[in-house]
Amino acid sequence: MTMLDLDYKRRVLELKKQRNALVLAHNYQLPEVQDIADFIGDSLALSKKAATTESDMILFCGVHFMAETASILCPDKRVLIPDLEAGCSLASTINAQELLAWKAEHPDALVVSYVNTTAEIKALSDYCCTSSNATKVVNSIPKDKEVLFLPDLFLGSYIAETTKRKNMYIWPGECHVHAGIKADDLNKMFASFKDADFLVHPECSCTSSVLYHISRDDLAKNAHILSTEGMMNHARASDTKQFLVATETGILYRMQKENPEKQFIPIKSDASCRYMKKITLEKVYNSLTEDIYEVKVPEHTAEKARLAIDRMLAIS
Ligand code: 13P
Ligand code: SF4
(Lines give C-alpha, C1' and ligand atoms only; values in the text may rest on other atoms or scores of the structure.)
(Ligands and ions follow the chains in the order given, each with its own letter.)
Protein backbone atom coordinates (compact mmCIF):
# COMPACT_ATOMS: atom_id res chain seq x y z
CA MET A 1 0.00 0.00 0.00
CA THR A 2 1.42 3.44 -0.95
CA MET A 3 1.58 6.46 1.40
CA LEU A 4 -1.24 7.99 -0.64
CA ASP A 5 -3.38 4.86 -0.15
CA LEU A 6 -2.68 4.96 3.59
CA ASP A 7 -3.79 8.57 3.68
CA TYR A 8 -6.99 7.75 1.75
CA LYS A 9 -7.62 4.81 4.06
CA ARG A 10 -7.33 7.00 7.17
CA ARG A 11 -9.58 9.68 5.70
CA VAL A 12 -12.19 7.18 4.43
CA LEU A 13 -12.38 5.54 7.87
CA GLU A 14 -12.99 8.95 9.46
CA LEU A 15 -15.54 10.03 6.85
CA LYS A 16 -17.66 6.89 6.97
CA LYS A 17 -18.02 7.38 10.73
CA GLN A 18 -18.92 11.08 10.34
CA ARG A 19 -21.51 10.32 7.66
CA ASN A 20 -22.90 7.22 9.39
CA ALA A 21 -22.30 5.28 6.16
CA LEU A 22 -22.29 1.51 5.86
CA VAL A 23 -19.58 0.41 3.42
CA LEU A 24 -20.41 -2.86 1.68
CA ALA A 25 -17.81 -4.59 -0.51
CA HIS A 26 -18.12 -7.60 -2.78
CA ASN A 27 -15.55 -10.40 -2.46
CA TYR A 28 -13.97 -9.35 -5.80
CA GLN A 29 -13.08 -5.82 -4.70
CA LEU A 30 -9.48 -4.58 -4.60
CA PRO A 31 -7.64 -5.46 -1.33
CA GLU A 32 -7.42 -1.84 -0.15
CA VAL A 33 -11.18 -1.40 -0.72
CA GLN A 34 -12.00 -4.63 1.16
CA ASP A 35 -9.86 -3.29 4.03
CA ILE A 36 -12.06 -0.21 4.60
CA ALA A 37 -15.39 -2.09 4.29
CA ASP A 38 -17.74 -2.76 7.19
CA PHE A 39 -18.91 -5.94 5.57
CA ILE A 40 -17.60 -8.13 2.71
CA GLY A 41 -19.62 -10.87 1.09
CA ASP A 42 -21.38 -12.40 -1.90
CA SER A 43 -24.46 -10.95 -3.59
CA LEU A 44 -26.89 -12.64 -1.18
CA ALA A 45 -25.05 -11.66 2.00
CA LEU A 46 -24.67 -8.06 0.77
CA SER A 47 -28.40 -7.82 -0.07
CA LYS A 48 -29.30 -9.14 3.38
CA LYS A 49 -26.94 -6.69 5.06
CA ALA A 50 -28.36 -3.76 3.06
CA ALA A 51 -31.90 -4.81 3.96
CA THR A 52 -31.25 -4.62 7.72
CA THR A 53 -28.89 -1.66 8.12
CA GLU A 54 -29.65 1.26 10.41
CA SER A 55 -26.99 3.49 8.84
CA ASP A 56 -28.07 6.68 7.07
CA MET A 57 -26.42 5.74 3.80
CA ILE A 58 -24.92 2.75 1.99
CA LEU A 59 -21.70 3.09 0.03
CA PHE A 60 -21.64 0.13 -2.33
CA CYS A 61 -18.22 -1.09 -3.42
CA GLY A 62 -19.29 -3.54 -6.07
CA VAL A 63 -21.06 -3.26 -9.42
CA HIS A 64 -24.13 -1.28 -10.44
CA PHE A 65 -26.78 -4.04 -10.18
CA MET A 66 -25.68 -4.66 -6.57
CA ALA A 67 -26.15 -0.98 -5.66
CA GLU A 68 -29.56 -1.09 -7.39
CA THR A 69 -30.51 -4.10 -5.25
CA ALA A 70 -29.58 -2.10 -2.13
CA SER A 71 -31.68 0.84 -3.37
CA ILE A 72 -34.66 -1.48 -4.02
CA LEU A 73 -34.40 -2.95 -0.52
CA CYS A 74 -33.77 0.37 1.23
CA PRO A 75 -35.80 2.99 -0.65
CA ASP A 76 -35.36 5.52 2.17
CA LYS A 77 -31.58 5.34 2.29
CA ARG A 78 -29.12 7.14 0.11
CA VAL A 79 -27.13 4.52 -1.87
CA LEU A 80 -23.85 5.58 -3.47
CA ILE A 81 -21.52 3.81 -5.87
CA PRO A 82 -18.03 5.31 -6.35
CA ASP A 83 -18.02 4.81 -10.15
CA LEU A 84 -21.09 4.58 -12.37
CA GLU A 85 -19.11 2.65 -14.97
CA ALA A 86 -18.85 -0.37 -12.68
CA GLY A 87 -21.27 -2.43 -14.80
CA CYS A 88 -21.54 -6.17 -15.43
CA SER A 89 -21.12 -7.93 -18.79
CA LEU A 90 -23.58 -10.64 -17.68
CA ALA A 91 -26.32 -8.20 -16.60
CA SER A 92 -25.98 -6.51 -20.02
CA THR A 93 -26.91 -9.67 -21.93
CA ILE A 94 -30.66 -9.12 -21.60
CA ASN A 95 -32.88 -6.04 -21.78
CA ALA A 96 -36.56 -5.48 -20.97
CA GLN A 97 -37.77 -5.84 -24.59
CA GLU A 98 -35.96 -9.15 -24.95
CA LEU A 99 -37.42 -10.48 -21.72
CA LEU A 100 -40.95 -9.35 -22.67
CA ALA A 101 -40.62 -11.14 -26.03
CA TRP A 102 -39.35 -14.31 -24.28
CA LYS A 103 -42.23 -14.20 -21.79
CA ALA A 104 -44.70 -13.82 -24.67
CA GLU A 105 -43.37 -17.11 -26.12
CA HIS A 106 -44.00 -18.83 -22.73
CA PRO A 107 -47.05 -17.05 -21.26
CA ASP A 108 -47.51 -19.54 -18.37
CA ALA A 109 -43.88 -19.67 -17.29
CA LEU A 110 -42.44 -18.16 -14.11
CA VAL A 111 -39.33 -16.03 -14.51
CA VAL A 112 -36.32 -16.60 -12.24
CA SER A 113 -33.69 -13.89 -12.61
CA TYR A 114 -30.18 -14.18 -11.27
CA VAL A 115 -29.29 -11.17 -9.12
CA ASN A 116 -26.84 -10.10 -11.87
CA THR A 117 -29.60 -8.24 -13.73
CA THR A 118 -30.83 -4.65 -13.91
CA ALA A 119 -33.68 -3.45 -11.69
CA GLU A 120 -35.88 -3.30 -14.82
CA ILE A 121 -35.34 -7.03 -15.43
CA LYS A 122 -35.99 -7.88 -11.79
CA ALA A 123 -39.25 -5.89 -11.99
CA LEU A 124 -40.38 -8.19 -14.83
CA SER A 125 -39.43 -11.34 -12.87
CA ASP A 126 -41.30 -13.56 -10.43
CA TYR A 127 -38.24 -14.58 -8.41
CA CYS A 128 -34.72 -13.32 -7.96
CA CYS A 129 -31.91 -15.73 -7.02
CA THR A 130 -28.18 -15.69 -6.35
CA SER A 131 -25.56 -18.39 -6.89
CA SER A 132 -25.98 -19.51 -3.27
CA ASN A 133 -29.76 -20.07 -3.36
CA ALA A 134 -30.68 -20.68 -7.04
CA THR A 135 -31.34 -24.42 -6.48
CA LYS A 136 -33.64 -23.69 -3.51
CA VAL A 137 -35.51 -21.00 -5.42
CA VAL A 138 -36.11 -23.19 -8.49
CA ASN A 139 -37.08 -26.16 -6.29
CA SER A 140 -39.71 -24.00 -4.56
CA ILE A 141 -41.61 -23.63 -7.86
CA PRO A 142 -44.27 -26.29 -8.58
CA LYS A 143 -42.82 -28.99 -10.85
CA ASP A 144 -45.47 -28.53 -13.54
CA LYS A 145 -44.67 -24.82 -14.01
CA GLU A 146 -42.35 -23.84 -16.85
CA VAL A 147 -39.39 -21.76 -15.69
CA LEU A 148 -37.52 -19.09 -17.65
CA PHE A 149 -34.08 -18.79 -16.06
CA LEU A 150 -31.86 -15.84 -16.92
CA PRO A 151 -29.34 -14.57 -17.80
CA ASP A 152 -26.47 -17.04 -17.15
CA LEU A 153 -26.21 -20.11 -19.34
CA PHE A 154 -23.69 -21.96 -17.16
CA LEU A 155 -25.42 -21.31 -13.84
CA GLY A 156 -28.76 -22.16 -15.51
CA SER A 157 -27.44 -25.48 -16.88
CA TYR A 158 -26.04 -26.32 -13.44
CA ILE A 159 -29.40 -25.58 -11.76
CA ALA A 160 -31.31 -27.57 -14.41
CA GLU A 161 -29.00 -30.51 -13.62
CA THR A 162 -29.20 -30.23 -9.80
CA THR A 163 -32.99 -29.77 -9.79
CA LYS A 164 -33.49 -32.37 -12.58
CA ARG A 165 -35.98 -29.95 -14.07
CA LYS A 166 -36.89 -30.60 -17.70
CA ASN A 167 -39.23 -27.63 -18.20
CA MET A 168 -36.61 -24.93 -17.58
CA TYR A 169 -35.53 -22.63 -20.44
CA ILE A 170 -32.21 -20.84 -20.09
CA TRP A 171 -31.14 -17.48 -21.50
CA PRO A 172 -27.77 -17.80 -23.30
CA GLY A 173 -25.93 -15.04 -21.41
CA GLU A 174 -22.47 -15.30 -19.88
CA CYS A 175 -19.99 -13.35 -17.80
CA HIS A 176 -16.81 -12.65 -19.79
CA VAL A 177 -14.59 -13.48 -16.77
CA HIS A 178 -16.17 -16.82 -15.79
CA ALA A 179 -16.86 -17.98 -19.36
CA GLY A 180 -13.08 -17.72 -19.81
CA ILE A 181 -12.43 -20.33 -17.06
CA LYS A 182 -12.68 -23.38 -19.27
CA ALA A 183 -12.86 -27.14 -18.73
CA ASP A 184 -9.32 -27.56 -20.12
CA ASP A 185 -7.92 -25.08 -17.55
CA LEU A 186 -9.40 -27.17 -14.77
CA ASN A 187 -9.07 -30.74 -16.03
CA LYS A 188 -5.31 -30.49 -16.38
CA MET A 189 -5.06 -29.27 -12.74
CA PHE A 190 -7.03 -32.19 -11.25
CA ALA A 191 -4.20 -34.58 -12.05
CA SER A 192 -1.42 -32.30 -10.67
CA PHE A 193 -3.17 -31.31 -7.41
CA LYS A 194 -4.64 -34.58 -6.18
CA ASP A 195 -4.92 -33.54 -2.50
CA ALA A 196 -6.26 -30.04 -3.09
CA ASP A 197 -9.89 -28.91 -2.92
CA PHE A 198 -11.27 -27.30 -6.08
CA LEU A 199 -13.66 -24.38 -5.56
CA VAL A 200 -15.67 -23.58 -8.69
CA HIS A 201 -18.15 -20.73 -9.21
CA PRO A 202 -21.22 -21.94 -11.16
CA GLU A 203 -20.87 -19.08 -13.69
CA CYS A 204 -17.67 -20.73 -15.01
CA SER A 205 -17.92 -22.43 -18.40
CA CYS A 206 -16.13 -25.44 -16.84
CA THR A 207 -19.09 -26.10 -14.48
CA SER A 208 -20.80 -28.68 -16.75
CA SER A 209 -17.53 -30.57 -17.17
CA VAL A 210 -17.00 -30.59 -13.36
CA LEU A 211 -20.53 -31.95 -12.86
CA TYR A 212 -19.90 -34.58 -15.53
CA HIS A 213 -16.73 -35.77 -13.77
CA ILE A 214 -18.36 -35.70 -10.32
CA SER A 215 -21.17 -37.98 -11.52
CA ARG A 216 -19.24 -40.32 -13.86
CA ASP A 217 -15.68 -40.76 -12.59
CA ASP A 218 -13.55 -39.54 -9.71
CA LEU A 219 -11.46 -36.98 -11.61
CA ALA A 220 -13.32 -34.10 -9.90
CA LYS A 221 -13.85 -35.84 -6.55
CA ASN A 222 -12.54 -32.83 -4.57
CA ALA A 223 -14.50 -30.24 -6.57
CA HIS A 224 -17.19 -28.06 -4.96
CA ILE A 225 -19.49 -25.75 -6.93
CA LEU A 226 -20.11 -22.70 -4.73
CA SER A 227 -20.98 -19.01 -4.58
CA THR A 228 -18.13 -16.72 -3.51
CA GLU A 229 -19.32 -16.78 0.12
CA GLY A 230 -19.77 -20.56 -0.12
CA MET A 231 -16.09 -20.69 -1.16
CA MET A 232 -15.08 -18.56 1.85
CA ASN A 233 -17.03 -20.82 4.22
CA HIS A 234 -15.57 -23.97 2.67
CA ALA A 235 -12.00 -22.62 2.87
CA ARG A 236 -12.51 -21.86 6.57
CA ALA A 237 -14.11 -25.18 7.49
CA SER A 238 -12.05 -27.60 5.42
CA ASP A 239 -9.01 -29.44 6.85
CA THR A 240 -7.38 -29.32 3.41
CA LYS A 241 -4.33 -27.09 3.14
CA GLN A 242 -4.40 -26.31 -0.59
CA PHE A 243 -7.26 -24.89 -2.69
CA LEU A 244 -7.56 -24.32 -6.42
CA VAL A 245 -9.97 -21.47 -7.05
CA ALA A 246 -12.07 -21.03 -10.22
CA THR A 247 -13.54 -17.54 -10.02
CA GLU A 248 -12.54 -13.88 -10.20
CA THR A 249 -9.15 -13.54 -8.51
CA GLY A 250 -10.16 -10.70 -6.13
CA ILE A 251 -11.46 -13.31 -3.70
CA LEU A 252 -7.96 -14.70 -3.09
CA TYR A 253 -6.99 -11.68 -0.98
CA ARG A 254 -9.73 -12.35 1.58
CA MET A 255 -9.19 -16.12 1.47
CA GLN A 256 -5.49 -15.76 2.20
CA LYS A 257 -6.01 -13.07 4.84
CA GLU A 258 -8.56 -15.15 6.77
CA ASN A 259 -6.68 -18.45 6.34
CA PRO A 260 -2.96 -17.58 6.51
CA GLU A 261 -1.92 -21.20 7.09
CA LYS A 262 -3.58 -22.41 3.86
CA GLN A 263 -2.59 -21.98 0.21
CA PHE A 264 -4.93 -20.62 -2.47
CA ILE A 265 -4.10 -20.90 -6.17
CA PRO A 266 -6.17 -19.35 -8.96
CA ILE A 267 -7.15 -21.71 -11.80
CA LYS A 268 -6.81 -18.72 -14.14
CA SER A 269 -4.61 -15.94 -12.80
CA ASP A 270 -5.89 -13.33 -15.28
CA ALA A 271 -9.57 -13.89 -14.36
CA SER A 272 -10.11 -10.28 -13.32
CA CYS A 273 -13.36 -8.31 -13.62
CA ARG A 274 -12.57 -4.86 -15.01
CA TYR A 275 -15.91 -3.57 -13.68
CA MET A 276 -15.23 -4.63 -10.09
CA LYS A 277 -11.78 -3.05 -10.33
CA LYS A 278 -13.26 0.34 -11.30
CA ILE A 279 -13.75 0.96 -7.57
CA THR A 280 -10.57 2.39 -6.09
CA LEU A 281 -9.80 3.85 -2.67
CA GLU A 282 -9.51 7.32 -4.20
CA LYS A 283 -12.99 6.99 -5.76
CA VAL A 284 -14.40 5.75 -2.43
CA TYR A 285 -12.96 8.87 -0.80
CA ASN A 286 -14.41 11.14 -3.54
CA SER A 287 -17.74 9.41 -3.20
CA LEU A 288 -17.94 10.15 0.54
CA THR A 289 -16.72 13.75 0.25
CA GLU A 290 -18.73 14.77 -2.83
CA ASP A 291 -21.77 12.58 -2.09
CA ILE A 292 -21.57 10.86 -5.51
CA TYR A 293 -22.88 8.82 -7.38
CA GLU A 294 -26.38 8.15 -6.15
CA VAL A 295 -28.10 4.96 -7.39
CA LYS A 296 -31.85 5.37 -7.04
CA VAL A 297 -34.31 2.93 -8.58
CA PRO A 298 -37.64 4.67 -9.39
CA GLU A 299 -40.35 3.49 -6.98
CA HIS A 300 -42.66 1.99 -9.66
CA THR A 301 -39.78 -0.29 -10.79
CA ALA A 302 -38.47 -0.87 -7.25
CA GLU A 303 -41.88 -1.96 -6.00
CA LYS A 304 -42.12 -4.80 -8.55
CA ALA A 305 -38.44 -5.76 -8.26
CA ARG A 306 -38.79 -5.90 -4.46
CA LEU A 307 -41.42 -8.62 -4.78
CA ALA A 308 -38.99 -10.85 -6.70
CA ILE A 309 -36.18 -10.17 -4.19
CA ASP A 310 -38.45 -10.64 -1.16
CA ARG A 311 -39.64 -14.01 -2.52
CA MET A 312 -35.97 -15.02 -2.75
CA LEU A 313 -35.14 -13.76 0.75
CA ALA A 314 -38.13 -15.67 2.17
CA ILE A 315 -36.73 -18.90 0.68
CA SER A 316 -33.02 -18.47 1.53
P1 13P B 1 -21.59 -14.22 -5.88
O2 13P B 1 -22.98 -13.92 -5.53
O3 13P B 1 -21.27 -15.70 -5.83
O4 13P B 1 -20.63 -13.42 -5.09
O5 13P B 1 -21.36 -13.85 -7.42
C6 13P B 1 -21.51 -12.55 -7.90
C7 13P B 1 -20.85 -12.32 -9.19
O8 13P B 1 -20.91 -11.29 -9.79
C9 13P B 1 -20.12 -13.44 -9.75
O10 13P B 1 -19.44 -13.01 -10.85
FE1 SF4 C 1 -20.48 -9.35 -13.76
FE2 SF4 C 1 -18.73 -11.24 -14.34
FE3 SF4 C 1 -17.88 -9.03 -13.17
FE4 SF4 C 1 -19.38 -10.81 -11.78
S5 SF4 C 1 -17.31 -11.10 -12.60
S6 SF4 C 1 -19.64 -8.58 -11.84
S7 SF4 C 1 -20.73 -11.54 -13.41
S8 SF4 C 1 -18.79 -9.17 -15.23
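Computed from a predicted structure; not experimentally measured.

Thoughts on the site of ligand 1
Part 1: The environment of ligand 1 is made up of His26, Tyr28, Asp42, Ser43, Tyr114, Asn116, Ser131, His178, His201, Glu203, Ser227 and Thr228.
Part 2: Between ligand 1 and Glu203, the relevant distance is 3.1 Å, taken from an oxygen atom to a side-chain nitrogen or oxygen of the residue.
Part 3: Contact with the protein chains removes 96% of the 300 Å² of surface that ligand 1 exposes when unbound.
Part 4: Considering only residue class, the shell around ligand 1 consists of two nonpolar, eight polar and two charged.

Section: the packing of helix H4 (residues 64-73) against helix H15 (residues 299-315)
Part 1: Relative to each other, H4 and H15 sit at 95°, their axes nearing to 9 Å. With respect to H15, the axis of H4 lies roughly perpendicular. Mapping the contact onto sequence places Thr69, Ile72 and Leu73 in H4 and Ala302, Ala305, Arg306, Ile309, Asp310 and Leu313 in H15.

Comments concerning empty space enclosed by the protein
Part 1: Within this structure, the stated rule accounts for two cavities of 30 Å³ or more.
Part 2: Considered as a void within the structure, the largest cavity measures approximately 230 Å³ in volume.
Part 3: What lines the largest cavity is a set of 24 residues, among which Tyr28, Asn116, His178, Glu203 and Met276 lie closest to the centre.
Part 4: When contributions to the lining of the largest cavity are tallied by element, the ones reaching two or more residues are H4 and helix H9 (176-179).
Part 5: Here the lining of the largest cavity gets three residues from one element, more than from any other, and that element is H9.
Part 6: Its residues placed into classes, the lining of the largest cavity shows eleven nonpolar, ten polar and three charged.
Part 7: Counted as a void, the second largest cavity has a volume near 50 Å³.
Part 8: Lining the second largest cavity, in full, are Ser43, Leu46, Ser47, Ala50, Phe60, Met66, Thr69, Ala70 and Val115.
Part 9: Of all elements in the fold, only helix H3 (43-52) and H4 reach the threshold of two or more residues within the lining of the second largest cavity.
Part 10: Considering every element that reaches the lining of the second largest cavity, the biggest residue donor is H3, with four residues.
Part 11: For the lining of the second largest cavity, the per-class residue count stands at six nonpolar, three polar and no charged.

What counts, and at which threshold
- Residues numbered from 1 in each chain as written.
- Chains lettered and ligands numbered in written order.
- Predicted model: local features only at pLDDT ≥ 70, side-chain atom pairs only at ≥ 80, totals over all residues.
- Heavy atoms only, no water.
- Near = heavy atom within 4 Å.
- Polar contact = N/O pair within 3.5 Å; in protein donor to acceptor, adjacent residues only side chain to side chain.
- Areas by Shrake-Rupley, 256 points an atom, 1.4 Å probe, with all protein chains shown as cover.
- Nonpolar A, V, L, I, M, F, W, Y, C, P; charged D, E, K, R; others polar.
- Axes fitted to C-alpha atoms, helices over the stretch in contact; angles between N-to-C directions.
- Helix = DSSP H or I, 4+ residues; strand = E, 2+ residues; numbered from the N terminus.
- Parallel < 35°, antiparallel > 145°, perpendicular 65-115°, else oblique.
- Contact = heavy atoms within 4.5 Å.
- 1 Å grid on protein atoms, 1.4 Å probe; cavity = no way out; pocket = protein on both sides within 12 Å on 5 of 7 lines; lining within 4 Å.
- Points joined across faces, edges and corners; volume = space filled by probe spheres on them.

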